[in-house]
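Results of the structural survey
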Amino acid sequence: MERVPILKIGSTLLVSIQVDLQDQSVQQLQEDVAERIAATGAKGVIIDITAVEIVDSFIGRMLSMIGSMSRLFDAQTVLVGMRPAVAITLVELGLTLDGVQTALNTEKGLRLLSGRS
Amino acid sequence: MVDADQARLAEFLGAGQPKVLDQWTEAAGRGVSDRISPAELRRELAEILSLTVAVLAGQDEAAAGQLRAVLQELSRSRARYGFSPRETAATVLSLKEAVYSQLADSVELLPAYLGFTRFVDDLGLQTFEAFVGAREQIIADQAESMLELSTPVVRLWDGIIAVPLVGTLDSARTQLVMEKMLEALVATEAEHAVIDITGVPTVDTEVAQHLLKTVVAARLMGADCIITGIRPQIAYTIVSLGIEFGDVLTKQTLADGLAHALSRSGLKVVPA
């Protein structure tokens, strides 16, 4: 199973997903993010899914859960770089990703987070 | 279908081919002479007639296939030049009349003629089928080109795009609009999108649903989406149908939408 790396930039964690997501790796990611937020005291999490072409309801829900979870640590989650096909799939699945903010790309995501703090 | 009667009929037709062709051209040309010249019609019919004789004679195996191909081509060109189905079918069916007028003196060929009318009826049906097929193809082509024509995505400002919709929306078109707009969001990195439906005469539940999905999908991608130009009748329909627009932002006109997007981007328009 491939693990998704989590980078730390200032008080922001950057998670760039470059592999096809398996249910297991998403679950692992969820745990990793929680641990890293707790360890670093990060205020924001950016999840870059530019390279993700396929999502299912499980992955959608997991992303949403990462958002809700980081909020418990007072960290804000921004999902960036979602592809049109992925957005359409999520809407068709009826997932609105509550608790997660979105931005078109990483740059805009970083700006969104810096505007808050 | 080859039997003695038919072979005799084929022989008879083969011998009297020019006469039958004259009769046929005259019968088939009735009512359509303003759109196709007798010479042109005669040329087309001569090909069909000689193939028909070949099929009836039963000597040429490939003739039946050729005859079908020629008929299809004829129907297709008729459909394209705006002939009515009746005129197209009558072209083929009038062969019966032409042959009958030649047969009048030879009573012994009448049994064969009965089989022959069935054969011509079958040709007529083939013609009609090909005609309808050609028409449907034309309609499908037009629908497709209309779909391509009618969904532009316009860049209004740096970071603001607009999708002006004109004409009746159906599910297929709304779907296309949705995909095009989302792709444009990625390509232009626009944070605001304005969907203007001033030119849309009616909206039903399904279309409204698609519009809402588009807005939600855009939001998932990190862009704001505004719907503008809802006409009074449409507003009335939306409310009577009980469609919930939820927290989707709507503005009266495209200008209002643009103003909103500008102010959200921190821009202000001032007199020069």
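Residues numbered from 1 in each chain as written. Chains lettered and ligands numbered in written order. Predicted model: local features only at pLDDT ≥ 70, side-chain atom pairs only at ≥ 80, totals over all residues. Heavy atoms only, no water.

A word on the packing of helix α1 (residues 4–15) of chain B against helix α6 (residues 110–149) of chain B. Residues and elements named next belong to chain B. At a minimum axis distance of 9 Å, the contact between α1 and α6 shows a crossing angle of 90°. In terms of orientation, α1 and α6 fall into the roughly perpendicular class. Residue-level inspection shows D5, Q6, L9 and L13 of α1 in contact with α6, the latter providing P111, A112, G115 and F116. A class-by-class count of the residues in the contact of α1 with α6 yields five nonpolar, two polar and one charged. (Axes fitted to C-alpha atoms, helices over the stretch in contact; angles between N-to-C directions. Helix = DSSP H or I, 4+ residues; strand = E, 2+ residues; numbered from the N terminus. Parallel < 35°, antiparallel > 145°, perpendicular 65-115°, else oblique. Contact = heavy atoms within 4.5 Å. Nonpolar A, V, L, I, M, F, W, Y, C, P; charged D, E, K, R; others polar.)

Residue and element names in this part refer to chain B. Packing of helix α2 (residues 17–29) against helix α5 (residues 85–103) brings their axes to within 8 Å, and their N-to-C directions diverge by 135°. Relative to α5, α2 is oriented oblique. Relative to α5, the crossing made by α2 is right-handed. For the pair formed by α2 and α5, the contact residues are K19, V20, Q23, W24, A27 and A28 on the first element and T91, V92, S94, L95, E97, A98, V99, S101 and Q102 on the second. A breakdown of the residues in the contact of α2 with α5 according to their chemical character gives eight nonpolar, five polar and two charged. (Left-handed = near helix turned anticlockwise from the far one by under 90°.)

It is worth spelling out the sheet that holds strand β2 (residues 160–166) of chain B at this point. Residue and element names in this part refer to chain B. Across the sheet, five strands lie side by side as β1-β2-β3-β4-β5; this open sheet has mixed pairing. Sheet topology places β1 (154–157) and β5 (249–251) at the edges, where each strand pairs with a single neighbour. Each adjacent strand pair in this sheet contributes to an overall mean axis angle of 30°, direction not counted. Note: strand β4 (residues 224–228) against β5, three bridges, orientation parallel. Looking at β5, one finds that I226 is bridged to L249. Against the sheet, helix α7 (residues 171–188) makes contact with β1, β2, β3 (192–199) and β4, and its axis sits at roughly 165° relative to β2, the strand it touches most. Against the sheet, helix α8 (residues 205–221) engages β3 and β4, with an angle of about 155° to β4. (Pairing = 2+ DSSP bridges.)

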